[in-house]
Amino acid sequence: MFVGARQVQASQIEAEDLGQYQQLIELQKQIVAVAEQNAATQQRCERLRQQMEREFDALIGPRRPVHEKLREVAAGVFGRLLRRPDAPLENKRP
């Protein structure tokens with residue numbers, strides 16, 4: 001009778017372990033589904049980002065690098081300074 005009780009307890013433990021194993025499998029399936037959704041969302045996001053850049057470029061025009069803009073601004077500032085009649089020259093001597 002004692003051996004029979006052990007078998008019942010062992011089968012209950014196996015059933016619990018089997019239930020936990022099935023829960024683990026379900027969680028893994030959910031993880032795979034979420035990973036697939038994430039990949040699809042990232043691809044969709046990248047396509048939207050590219051579309052937005054194309055539309056922005058069509059409206060604004062092509063973007064220039066920052067160093068080109070800075071060079072243009074600096075040239076304009078120095079050009080205006082040199083054209084001013086009261087611009088200080090280097091070491092003016094009377």
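This write-up is about the structure you can find in this document. (Residues numbered from 1 in each chain as written. Predicted model: local features only at pLDDT ≥ 70, side-chain atom pairs only at ≥ 80, totals over all residues. Heavy atoms only, no water.)

When helices and strands are counted, the protein shows two helices and zero strands. For the protein, buried positions account for 3% of its 94 residues. When the accessible surface of the protein is summed, it comes to about 9,300 Å², and 59% of that surface belongs to carbon and sulfur atoms. (Helix = DSSP H or I, 4+ residues; strand = E, 2+ residues; numbered from the N terminus. Buried < 20%, exposed > 50% of the residue type's maximum accessible area, 1.4 Å probe, protein only. Areas by Shrake-Rupley, 256 points an atom, 1.4 Å probe, with all protein chains shown as cover.)

This paragraph deals with the pattern of salt bridges. All told, the structure shown has two salt bridges when counted by the stated rule. Two residues, E26 and K29, come together in a salt bridge whose shortest N-O distance is 3.8 Å. Here E26 and its partner K29 are both found in helix α1 (residues 2-60), three residues apart, which amounts to about one turn of the helix. E46 serves as the salt-bridge partner of R49, at 3.0 Å between the closest nitrogen and oxygen. Here R49 and its partner E46 are both found in helix α1, three residues apart, which amounts to about one turn of the helix. On the basis of relative accessible area, R49 is assigned to the partly exposed category, the value being 38%. Note on E46: relative accessible area 35%, which makes it partly exposed. (Salt bridge = Lys/Arg side-chain N within 4 Å of Asp/Glu carboxyl O.)

It is worth spelling out a nonpolar patch on the surface at this point. A cluster of nonpolar side chains, contributed by V73, V77, F78 and L81, occupies part of the molecular surface with about 360 Å² of accessible area. Structurally, the position occupied by V77 is in helix α2 (residues 66-83). (Patch = residues over 30% accessible without salt bridge, like charges linked within 9 Å, V, L, I, M, F, W, Y side chains within 5 Å.)

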